[in-house]
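# Commentary on secondary and tertiary structure
Now for the letters of each chain:
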Amino acid sequence: QYIYHNIYTSKAMANLAALLAARTPPPPPPPLDEDWIREMTRDMSRYAGTYQTTLTPPSPHPSFTIDIDENMDTIGTRIWDCSVLMSHQFFHHMKLIQQSSSTPPANLLNLSGRNVVEIGSGCGLLPIALSKLPCNAPSKIVATEYLPSIINHLENQVKKNDALVEVRKLDWFCSSDVVSCSSSSDTILMSDCTLDPSESPVILDAIEELVVRSYESKFRNCSVSSTSHTDVIVGYCLERGGTARFLELASSRLILSPVLSFHPSYSPTYRGKERYAVVHMCLKPSVLLDRISRLGIDPTSFSNFYNNISTTSITSSLPPP
């Protein structure tokens, strides 16, 4: 009875808690150099002021820092962790290219000479970072947003970082916006835009339209080169409410291939919370041929054009029409 009674006294409970704490130490704090994991905390003050991230190109190019002004006005005026991850990912890929004597497995991330359009750019961290690539850099980078206030904020960040990035309006609910941004784009980027499952069909419609209109422009302009295939690179967080729906719908229209060589700071699971991934996508040949035919283009002529383009490792030839 004496033991039974004392188990429930405050002193005994304190001793028991101390014993358990000694046997199960708390997880260590996140490393200071992993500056993309801010979403693990609940401190909203992290979105007030200036966010900085340092990117390191391969030698002999020096490291540099990108400064982004943040506020809590909208979800588009603050930095999301996935955009930091993707920015570092492209620089890590550049190192892999330099270190490899042959084409590395991460070649799906090669943007050399390509025209790049990012949808949902927010503060513009990713396009600004890509504009600073000292080698294997895109020929042109377009960052897009939809609200005037976010567009203005995006333009200010581009100017602040002296980046060669064009800023344009693109509301994925507006077909004319999508068409106006699609001409001759080679790569469509998107980072962490799968918050709402109800928007997944609209986002995929916009991505599909961008790809199809890009191919249409290339075909009509007879643009055949090593960079002529149009593909999509998407970074996403598995914890977002719309990610599962987005991937489910995407798999019915696009060929999905995970990017294998991640930046060293990347972790598929971090203390059981936010989980990020980067996936390379290209429109399925049957879907592309059907959409192109609806634009009044002869399927046989387009198939010949498409199949003459040097392909990536996951791009299939078009079937006979």
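For the structure given in this document, a descriptive report is provided here.

Analysis parameters
- Residues numbered from 1 in each chain as written.
- Predicted model: local features only at pLDDT ≥ 70, side-chain atom pairs only at ≥ 80, totals over all residues.
- Heavy atoms only, no water.
- Helix = DSSP H or I, 4+ residues; strand = E, 2+ residues; numbered from the N terminus.
- Expected span 1.5 Å × (residues − 1).
- Buried < 20%, exposed > 50% of the residue type's maximum accessible area, 1.4 Å probe, protein only.
- Contact = heavy atoms within 4.5 Å.
- 1 Å grid on protein atoms, 1.4 Å probe; cavity = no way out; pocket = protein on both sides within 12 Å on 5 of 7 lines; lining within 4 Å.
- Points joined across faces, edges and corners; volume = space filled by probe spheres on them.
- Nonpolar A, V, L, I, M, F, W, Y, C, P; charged D, E, K, R; others polar.
- Salt bridge = Lys/Arg side-chain N within 4 Å of Asp/Glu carboxyl O.
- Pairing = 2+ DSSP bridges.
- Axes fitted to C-alpha atoms, helices over the stretch in contact; angles between N-to-C directions.

Compared with the 27 Å implied by 1.5 Å per residue over 19 residues, the 27 Å span of helix α3 (residues 81-99) between its first and last C-alpha is a close match. Taking burial as the measure, the 19 residues of α3 include 15 buried ones, the bulk of the element.

A few words on the environment of Leu55. For Leu55, the position within the fold is in strand β1 (residues 49-55). Residue classification places Leu55 among the buried residues on the basis of a relative accessible area of 0%. When the C-alpha positions of Leu55 and His88 are compared, they lie 6.5 Å apart, and in sequence the two are 33 residues distant. Beyond its immediate sequence surroundings of up to four residues, Leu55 is in contact with Ser63, Phe64, Ile66, Ser87, His88, Phe91 and Ala129.

Moving on to the layout of surface pockets. If you add up the space inside the largest pocket, you get close to 520 Å³. Elements supplying a minimum of two residues to the lining of the largest pocket: α4 (125-131) and β4 (140-145). The residue makeup of the lining of the largest pocket, split by class, is 13 nonpolar, eight polar and seven charged.

Further remarks concern helix α9 (residues 285-294). Residues of α9 that are buried: Pro285, Val287, Leu288, Leu289, Arg291 and Ile292. Packed against the buried residues of α9 are α7 (200-220), α8 (243-253), β8 (254-258), β9 (276-283) and α10 (299-308). Just downstream of α9, Gly296 is the residue with a positive phi angle, here 85°.

Attention now goes to the pattern of salt bridges. According to the stated counting rule, one finds 16 salt bridges in the structure shown. Salt-bridge contacts for Lys218 lead to Asp186; the nearest nitrogen and oxygen are separated by 2.9 Å. A residue pair is termed long-range when its members are at least 10 positions apart, and Lys218 in helix α7 and Asp186 in the loop between α6 (175-180) and β6 (187-191) qualify at 32 residues. The exposure class of Asp186 is buried, given its relative accessible area of 4%. Between Glu208 and Arg253 there is a salt bridge; the shortest N-O distance is 3.1 Å. Note that Glu208 is positioned in helix α7 and Arg253 in helix α8, a separation of 45 residues in sequence. For the pair shown, Glu208 and Arg253 are each scored as buried.

Turning our eyes to something else, we now look at the sheet that holds β6. Sheet architecture is open: seven strands sit in the order β5-β4-β3-β6-β7-β9-β8, paired in mixed fashion. Of all strands in the sheet, those bounded by a partner on one side alone are β5 (166-169) and β8. Between one strand and the next, the sheet's axes are offset by a mean angle of 25°, whatever the strand orientation. Judged from the five bridges that link them, β8 and β9 form a sheet pairing that is antiparallel. Bridging from a neighbouring strand, Leu256 pairs with Met281 of β9. The sheet contacts of α7 involve β3 (115-119), β6, β7 (231-237), β8 and β9, and relative to β6 the element is tilted by about 160°.

Its place among the elements puts Arg245 in helix α8. A C-alpha to C-alpha distance of 8.6 Å links Arg245 and Ser198, two positions 47 residues apart in sequence. Setting aside chain neighbours within four positions, we find Arg245 in contact with Pro197 and Ser200.

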